[in-house]
Amino acid sequence: MIGILIIAHAPLATALRECALHVFPDCADGVRALDVLPDDTPEDSLILARKAMAALGTDHVLLLSDVFGATPCNVAQQLGNGHNTRLVAGANLPMVLRSVCYRHESLEQLAARAHAGGTQGVMPVGSTAPQNQTGQRHAPSHRDHQQ
């Protein structure tokens, strides 16, 4: 099975893991979380991330981070150097749940499923029943201009 390591700004990583355990309590050993605190240095976070990854007990690890370009993601990128890992940024609960469900697939497939779960889990929701929503968001006279 592929291990999952969530690296995010505190307390998001732990919260996402706890939500996953709420739905799938048997995934505890395969999912780890590292909360990056405001005063943690990137070097300290990298040391903690290496320990968390080693605790998964597998060479294949899906790394999930919250914000591309932020410290947790940068640490995850460094963590992945030289290892059989894939990193997906923009972690949300649908992404984590999808990842937990498909840990038996290849690392490439799991990364694709994580990405799909994260993006498909974000959608506008109207105040009326779905069957009554027309999908029209603008007044009829409004035009979107793209360059």
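Everything in this summary refers to the structure shown in the same document. None of these values were measured; they are calculated from a predicted model.

Taken as a whole and judged by the stated rule, the model has 0 aromatic pairs. Of note, Arg113 hangs over the ring of Tyr102, and the distance from its end group to the ring centre comes to 3.8 Å.

This part covers the side chain of Asn92. For Asn92, the position within the fold is in the loop between β4 (84–89) and α4 (93–101). Polar side-chain contacts of Asn92 include one of 2.9 Å to the backbone nitrogen of Met95. Each residue touching Asn92, except ones within four places of it in the same chain, is listed here: Leu16, Gly118 and Val122.

With that out of the way, let us pick up the nonpolar core. If you look at the biggest cluster of nonpolar residues, it comprises 21 residues, and the most contacted ones within it are Ile4, Ile6, Leu62, Leu64, Val88, Val96 and Val100. In this structure, Leu5, Leu34, Ala52 and Leu56 belong to the second largest nonpolar core, which totals 14 residues.

This part covers the side chain of Arg17. Within the element layout of this structure, Arg17 appears in helix α1 (residues 12–23). By relative accessible area, Arg17 is classed as buried at 16%. Within the structure, the side chain of Arg17 is placed 2.5 Å from the backbone oxygen of Val31, a separation counted as a polar contact. If we skip the residues at most four places from it in the chain, Arg17 touches Ile6, Ala28, Val31, Arg32 and Ala33.

Bringing the sheet that holds strand β1 (residues 3–9) into the picture now. Strand pairing in a sheet relies on backbone hydrogen bonds, with the paired strands running either antiparallel or parallel. As summarised here, the arrangement of the 4 strands in space is β2-β1-β3-β4, forming an open sheet in which the pairing is parallel. On the outer flanks of this sheet lie β2 (31–36) and β4, each paired with one strand and no other. When strand polarity is set aside, the average angle formed by the axes of neighbouring strands in this sheet is 20°. Relative to β2, β1 runs parallel, the two sharing 6 bridges. Opposite Ile6, over in β2, you have Ala33 as the bridge partner.

Looking now at the pattern of salt bridges. For the coordinates displayed, the defined rule picks out 3 salt bridges. A salt bridge links Arg17 to Glu18; the nearest nitrogen and oxygen atoms lie 3.7 Å apart. Relative accessible area serves as the criterion here: at 45%, Glu18 is assigned to the partly exposed category. Between Arg86 and Glu108 there is a salt bridge, with its nearest N and O atoms 2.3 Å apart. Of this pair, Arg86 sits in strand β4 while Glu108 sits in helix α5 (residues 107–120), and the two are 22 residues apart along the sequence. When its relative accessible area of 29% is taken as the criterion, Arg86 is described as partly exposed.

The rules we used
Residues numbered from 1 in each chain as written. Predicted model: local features only at pLDDT ≥ 70, side-chain atom pairs only at ≥ 80, totals over all residues. Heavy atoms only, no water. Phe/Tyr/Trp six-rings, centres within 6.5 Å; stacked < 30°, edge-to-face > 60°. Lys NZ or Arg CZ within 6 Å of the ring centre and 35° of its normal. Helix = DSSP H or I, 4+ residues; strand = E, 2+ residues; numbered from the N terminus. Polar contact = N/O pair within 3.5 Å; in protein donor to acceptor, adjacent residues only side chain to side chain. Contact = heavy atoms within 4.5 Å. Core = buried A, V, L, I, M, F, W, Y, C linked by side-chain atoms within 4.5 Å. Buried < 20%, exposed > 50% of the residue type's maximum accessible area, 1.4 Å probe, protein only. Pairing = 2+ DSSP bridges. Axes fitted to C-alpha atoms, helices over the stretch in contact; angles between N-to-C directions. Salt bridge = Lys/Arg side-chain N within 4 Å of Asp/Glu carboxyl O.

Taken by themselves, the reported measurements are silent on function.
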